[in-house]
Amino acid sequence: MRILPFLLAIVVPLVLAGCGERLPTYRYRMTVIVDTPEGVRTGSSVIEVRTFTSPEFPGPEAGGVITRYYGEAPVVDLGGRGLLFATLQGADRYAADTSYGERMNTGNVDERRRKIRRLMEMPGIENMRPRRYPMLVHFRDIDDPNTVEHVDPENLAASFGPGYRLDGITIEMTNDRPTESIGSRFSWWDHYRSNRLRV
């Protein structure tokens, strides 16, 4: 697995260039729940989604609407078995992929605004639909970015051993600040980030 797309899915910077009208901004907490032989382990993070019209770039999203999200991947600490990451590819769709949400990638600007406002009224905690789970990954060696591997959400035991099972992923609207601590988990993070900024 190429490391660059994976890292961009973990931490996504907010980019405002070329944006027009700003639609409502919302934040949600994604929590990953894993059953283990030692009991239930969870990891969560807060993601912020900002939506804009895009008069200069009307495609490819429907109705000239673009999204930018800021936050980081939820991380579940499985002790000696390592860390499980739920990446943020398509993070603007995750909250919508609950029984309370609606598909965000359809409709014009007014329709998108209505969907966002409805989503912001979501009461309590909702379960994410399994078919829409984010990509799960782990590192065989947390100090080597080239050891990142895909984790099958239906078969965590293949990556972590017998007794490990994904119990679900939940979404909850929140006003908390987006999470910003994932870099401390990687010895190579600052080196990667500085190199990427020079590209």
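Model, not experiment: these values are computed from the prediction.

K.L.:
Any chance you could explain the environment of Asp-92 here in plain terms?
P.N.:
Its location among the elements puts Asp-92 in helix α2 (residues 91-94). Asp-92 sits in the buried class, given a relative accessible area of 11%. With residues up to four places along the chain from it excluded, the contact list for Asp-92 reads Tyr-26, Val-49, Thr-67, Tyr-69 and Met-104.

K.L.:
For this particular structure, what's the right way to read the pairing of strand β1 (residues 26-36)?
P.N.:
Side-chain direction in a regular strand flips from residue to residue, so the side chains alternate between the two faces of the sheet. With 9 of 11 residues buried, β1 is to be regarded as a mostly interior element. Note that β1 and strand β2 (residues 39-53) share 11 bridges and pair antiparallel. Following the sheet pairing, Tyr-26 is matched in β2 by Val-49. As consecutive antiparallel partners, β1 and β2 are separated by 2 residues. Across 8 bridges, β1 lies against strand β9 (residues 165-173) in antiparallel orientation. Along β9, the bridge assignment pairs Met-30 with Ile-171.

K.L.:
Is there a simple way to think about the sheet that holds strand β8 (residues 148-151) in this case?
P.N.:
Through backbone hydrogen bonds, the strands of a sheet pair up, either in parallel or in antiparallel fashion. Spatially, the 4 strands line up as an open sheet ordered β4-β5-β7-β8, and their pairing is antiparallel. The two strands at the open ends of the sheet, each matched to only one other strand, are β4 (75-77) and β8. Each neighbouring strand pair of the sheet contributes to a mean axis angle of 30°, computed without reference to strand direction. Of the pairings in the sheet, the one linking β4 to strand β5 (residues 83-86) comprises 3 bridges and is antiparallel in character. Within β5, the residue paired with Val-76 across the bridge is Leu-84.

What counts, and at which threshold
- Residues numbered from 1 in each chain as written.
- Predicted model: local features only at pLDDT ≥ 70, side-chain atom pairs only at ≥ 80, totals over all residues.
- Heavy atoms only, no water.
- Helix = DSSP H or I, 4+ residues; strand = E, 2+ residues; numbered from the N terminus.
- Buried < 20%, exposed > 50% of the residue type's maximum accessible area, 1.4 Å probe, protein only.
- Contact = heavy atoms within 4.5 Å.
- Pairing = 2+ DSSP bridges.
- Axes fitted to C-alpha atoms, helices over the stretch in contact; angles between N-to-C directions.

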